[in-house]
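# Structural overview
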Amino acid sequence: MEPAAGILGSGSALPEKVLSNSDLEKMVETSDQWITDRTGIKERHMAAPDETTSTLSVKASRRALEMAGITSKDLDLIICSTISPDMPLPATAAFIQHDLGARACCAFDLAAACSGFLFGMTVAEQFIRNGRCKYVLVIGAELLTRYVDYKDRETCVLFGDGVAAAVLGRVTPPSGILASEMHTDGRFADHLYIPAGGTASPASHETVERRAHYIKMRGNELFKVAVRNMEDVSRRVLEKAQIPASQIDLFIPHQANQRITEAVRERLGVAPEKVYTNILRVGNTSSASIPICIDECVRSGRLKRGDLVLMAAFGAGVTWGAVLMRW
Ligand SMILES: CC(C)(COP(=O)(O)OP(=O)(O)OC[C@H]1O[C@@H](n2cnc3c(N)ncnc32)[C@H](O)[C@@H]1OP(=O)(O)O)[C@@H](O)C(=O)NCCC(=O)NCCS
C-alpha cells in the first residue's frame, strides 16, 4: 500500500491582547457595523511587544508535539510559513528549531503568504511519502499587526496575530492527504504587498516617512481573484480524488473575509453547517489562519477520525492552493 502523510498533532497560540472593532473606531474613521457587515470580523489578537513570530511558534509547536506524542528531537524537518519573520535574516525557523531544542535538522521559512501553510503541508507530504522524513513540523506564523498601518482603515480592520503548528507524519490509508495543489500568479503581485524593507527599496528615513513598510492592498480586486481561485482549486483537488463536494465533512477556508468564505461555499455547493469559521474573533492571520482552525476543530471534537476535510487558501503573490485529506 502507498504510504500516506497526515497530521499527527496540532497546536496554536494566540496573543492575549484583543483588539476589538470599538478599539479601531478610536483609531480610524470606521464603525463596528461597517467592519462586521463587510468582513465578519469583530476582534483580532495583537502580540505584546516582547512576543515575536518565533516565541509564539514555539508555544504552538510544543502543543502540537505533545498531541503527536513525540519530542522536538524526533523532528526531521521544520517549515515555518511566514511573511512576518522575526528578522530578515536568518530564517525564523532557525530560532524555532533552537528554542524547541530540536536537532540540527533542516529548518527553513516558506513565503507564500496566506497559502503558506497549505504549501508547507504539500512540501512535507513529499518528504514523508518518499521516506526522507518521518516527522515534519509545519508552522503557520504571523504577527501581521507589526506590518499594518493603523492609519489605513481598509487594511487595519482585517489583520490579526496568531500562530499554529502541525506535526505531519505517516498515517495508514484511507487517512491522510488525498490531493493537493499549489499555484502562484505574479501578475497580481501589486494587489497585496509591502513596498519597502527589501532590496527594491531598502529601509531609509524616506521610506519610513512614506509609510512604505506597511501592507498596501487593492481589496476589491483581490476579493474577486480570491473567490475565483479558491473555488477553482477546491474543485481541482476534489476532481483529482474523485470525490464530490457533497461528501465533504468539513470545509476550512482561509479566513480573509466572511463574504469570501460565503461566496466560495455557495459556488462549491457545500452546506453552511460544514464550514468552519473563526474570523469573528481571530480576523485574518494569513498563513496561521487554516492551522488555527484545524487546531480548534481537533480540540473541540469537530474534526473526527475518518472525516473528509477540504482546506483552501489564497494570499499575496497571488498564491492559492488546496489540500483534501481524510482525518
Ligand atoms: C477590503 C474589503 C473588506 C473592502 O470591502 P468592500 O465591500 O469591497 O468595500 P469597498 O472597497 O468597495 O469600499 C466601500 C466603501 O467603504 C469604505 N471603507 C473601506 N474600509 C472601511 C472601513 N474600515 N470602515 C468604513 N468604511 C470603509 C471605502 O472607502 C469605500 O468608501 P467610498 O464608497 O466612499 O469610496 C474587501 O474588499 C475585502 O475583504 N477584500 C479582500 C481583502 C483580503 O482578503 N485581503 C487579504 C488577502 S489574504
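The coordinates are above.
Figured I'd write up the structure that's included with this text. Predicted model only: the values in this text are computed from it and were never measured. (Residues numbered from 1 in each chain as written. Predicted model: local features only at pLDDT ≥ 70, side-chain atom pairs only at ≥ 80, totals over all residues. Heavy atoms only, no water.)

### Considering the side chain of S81
So the rule is basically this: Only DSSP runs of H or I covering at least 4 residues are called helices, and only runs of E covering at least 2 are called strands; the numbering of each starts at the N terminus. Contacts: residue pairs with any heavy atoms within 4.5 Å of one another.
Along the chain, the position of S81 falls in strand β4 (residues 77-81). With sequence-adjacent residues up to four places away left out, S81 is seen in contact with L110, A113, G116, F117, I139, G140, A141, E142 and S287.

### Considerations on the site of the ligand
Just so we agree on the cut-off: A single heavy atom is enough: if one lies within 4 Å of a molecule or strand, its residue is considered near that molecule or strand. Two N or O atoms form a polar contact when they lie within 3.5 Å of each other; inside protein one atom must be a possible hydrogen donor and the other a possible acceptor, and for residues adjacent in sequence the pair counts only when both atoms belong to side chains. Residue-level accessible areas treat just the shown protein chains as cover; the underlying method is Shrake-Rupley with a 1.4 Å probe. Computed over the protein atoms alone on a 1 Å grid, cavities are sets of points where a 1.4 Å probe fits but cannot get out and pockets are open sets with protein on both sides within 12 Å along at least five of seven lines; a residue lines them when it has an atom within 4 Å of a point. Cavities and pockets are treated as containing a molecule whenever more than half of the molecule's atoms lie within 2 Å of their grid points. Note that Gly is not counted as nonpolar here; it falls among the polar residues with everything else outside the nonpolar set of Ala, Val, Leu, Ile, Met, Phe, Trp, Tyr, Cys and Pro and the charged set of Asp, Glu, Lys and Arg.
Not every one of the 23 residues close to the ligand is listed here, only the nearest: T30, R38, R153, N220 and N257. N257 is positioned such that a nitrogen or oxygen atom in its side chain is 2.7 Å from an oxygen atom of the ligand. When the free accessible area of the ligand is taken as 960 Å², the share hidden by the protein chains comes to 74%. When atom positions are compared with the pocket grids, the ligand is found to occupy the second largest pocket. Sorting the residues of the shell around the ligand by element identifies α2 (32-39), α6 (153-156), α8 (219-240) and α9 (258-268) as the ones contributing at least two each. Here the shell around the ligand gets 4 residues from one element, more than from any other, and that element is α8. Grouping the constituent residues of the shell around the ligand by class yields 11 nonpolar, 7 polar and 5 charged.

### Remarks on unusual backbone geometry
Inclusion rule: Any residue under 20% of the maximum accessible area for its type is buried, any over 50% is exposed, and the rest in between are partly exposed; the area is computed with a 1.4 Å probe on protein chains only.
Cis rather than trans, the peptide bond between L89 and P90 has omega equal to -5°. For P90, the position within the fold is in the loop between β4 and α4 (92-100). Even without a glycine there, the phi angle at Q242 is positive, about 55°. Within the secondary structure, Q242 sits in the loop between α8 and β11 (250-253). A relative accessible area of 72% means that Q242 is categorised as exposed. Despite not being glycine, S286 shows a phi value in the positive range, around 50°. Residue placement: S286 occurs in the loop between α10 (279-282) and α11 (289-300). Among the residues examined, S286 registers a relative accessible area of 1% and is labelled buried.

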